[in-house]
Amino acid sequence: MAKRSFAANAVLAALFYTVACLSSSYYRLLSFLPDFPVFRGICAAGDFLNRYAPPYLSFLNGYVFFFLGRIFARKEYVLFRKIRIVLLVLCFLCAYAELFCTTYFALNVATDCYFMLVPLAAVVFLSIKSMNLKPRAVYLRLRRWSAFLYLYHFVFLHVFYRLVYAFGWSFFIANPFATVLVYAVIVFSAEIACRALVLLSAKKGLAFLKYCI
C-alpha cells in the first residue's frame, strides 16, 4: 500500500505541477494545438481557469514541493559539498535558461511555475539537510520570517505595481526581464516590514503585532 500511495502521489504531483506550468510559463503553447474540438475545449478551459482561478496560484503549484519534503523527511539523503555546489549551479543555470527561453519566445502569461524549479528545490532541500548545523534560536525566527514573506508578498507586489502604473515607470512594464529586479524589491520591502514588526512588537502596548509574524 505504501508503494501504491507513493506512486499515486508522485503521479498527482507531476500532473498538478504540469497543469500549473502550462497555465503560467507555457500557456501560449496551447495556441499551437491542432484545431480539433477537444483541443478547443482545452483552450477554453484554460482561458476560464486563468481568468477566475489560476492553477499557478493554487495548491496545484505547491503539491509537488510538499511531496518532495515528505520524501526527504522520511529517508536520509546526503550530498557531499562539491556535488552540492555543482548541482546547485547546474540547476540554477537551467532554471534561468528556462525563464529566458519562455520569456524570449513569449510563451508565458505569468512567471510563477517552471519545470526546473522542482529539481532546483530538491537540490536546495538536500543541500540544507546535508549541512551539519548547530541548533540556534535564530532558526525559529527565520522560519517565522519566511512564512511572513510567503503570506504577505502579494500585498507588497500589489502596492509596488500600483506605484509603477501611477508614476509611469515603463521599465517595469515593458521589460519582461525586469522580473528579477521586481522580486528583489518585493523581498527587500517585505524584509524591512518584518523587521519593523519585530521591533514594534517588543514595545509596550504593541505586543499583538507578534501575531502578524
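Cut-offs and rules
- Residues numbered from 1 in each chain as written.
- Predicted model: local features only at pLDDT ≥ 70, side-chain atom pairs only at ≥ 80, totals over all residues.
- Heavy atoms only, no water.
- Patch = residues over 30% accessible without salt bridge, like charges linked within 9 Å, V, L, I, M, F, W, Y side chains within 5 Å.
- Areas by Shrake-Rupley, 256 points an atom, 1.4 Å probe, with all protein chains shown as cover.
- Salt bridge = Lys/Arg side-chain N within 4 Å of Asp/Glu carboxyl O.
- Helix = DSSP H or I, 4+ residues; strand = E, 2+ residues; numbered from the N terminus.
- Axes fitted to C-alpha atoms, helices over the stretch in contact; angles between N-to-C directions.
- Parallel < 35°, antiparallel > 145°, perpendicular 65-115°, else oblique.
- Left-handed = near helix turned anticlockwise from the far one by under 90°.
- Contact = heavy atoms within 4.5 Å.
- Nonpolar A, V, L, I, M, F, W, Y, C, P; charged D, E, K, R; others polar.
- Core = buried A, V, L, I, M, F, W, Y, C linked by side-chain atoms within 4.5 Å.
- Buried < 20%, exposed > 50% of the residue type's maximum accessible area, 1.4 Å probe, protein only.
- pLDDT = per-residue confidence, 0-100.

J.: Help me understand a nonpolar patch on the surface, please; the structure alone is not making it clear to me.
T.: Taken together, the side chains of Ile85, Val89, Phe92, Leu93, Tyr96, Phe100, Tyr104 and Phe105 present a nonpolar region at the surface, about 870 Å² in accessible area. Mapped onto the elements, Ile85 comes out in helix H4 (residues 81-104).

J.: Honestly, the packing of helix H3 (residues 59-74) against helix H5 (residues 117-130) in this entry has me stumped. Any pointers?
T.: Angle between the axes and distance between the axes are the two parameters that describe a pair of packed helices. Interaxial distance between H3 and H5 falls to 11 Å at its minimum, and their mutual angle equals 30 degrees. Between H3 and H5, the interaxial angle falls into the category roughly parallel. The handedness of the crossing between H3 and H5 comes out as right-handed. Here H3 contributes Val64, Phe65, Leu68, Gly69, Phe72 and Ala73 to the contact with H5, which in turn contributes Leu117, Val118, Ala121, Ala122, Phe125, Leu126 and Lys129. Across the contact of H3 with H5, the residue classes break down as 11 nonpolar, 1 polar and 1 charged.

J.: Can you help me understand the nonpolar core in this one?
T.: Residues Tyr17, Cys21, Val64, Leu68, Phe72, Cys113 and Val118 are the most contacted members of the largest nonpolar core, which totals 17 residues. Listed by contribution, the elements that provide at least two residues to this core are helix H1 (2-22), H3 and H5. Filtering out sequence-adjacent residues up to four positions away, Cys113 remains in contact with Tyr17, Ala20, Cys21, Ser24, Ser25, Tyr56 and Asn61. Judged by nonpolar contacts, the second largest core, of 5 residues, contains Trp145, Phe148, Cys194 and Leu197.

J.: Before we go on, may I ask you to explain the environment of Tyr183 in this structure?
T.: Within the fold, Tyr183 resides in helix H8 (residues 179-201). Between the alpha carbons of Tyr183 and His153 there is a distance of 9.4 Å; along the sequence they are 30 residues apart.

J.: Looking at this model, I keep getting lost on the packing of H4 against H5. Mind explaining?
T.: The N-to-C vectors of H4 and H5 enclose an angle of 155 degrees; their axes lie 9 Å apart at closest approach. When the interaxial angle is binned, H4 and H5 end up roughly antiparallel. For H4 against H5, the interelement crossing comes out left-handed. Together, Arg84, Leu87, Leu88, Cys91, Phe92 and Ala95 of H4 and Pro119, Leu120, Val123, Val124, Ser127 and Ser130 of H5 make up the contact between the two elements. Tallied by class, the residues present in the contact of H4 with H5 amount to 9 nonpolar, 2 polar and 1 charged.

J.: What's the story with the confidence of the model for the protein in this structure? I'm lost.
T.: A low pLDDT means the predicted coordinates there should not be read in detail. A residue-level look at the protein finds 81% of positions with pLDDT of 70 or above and a mean pLDDT of 77. Helix H2 (residues 37-52) is the least confidently modelled element of the protein, averaging 60 in pLDDT, while H4 averages 88, the highest of any element.

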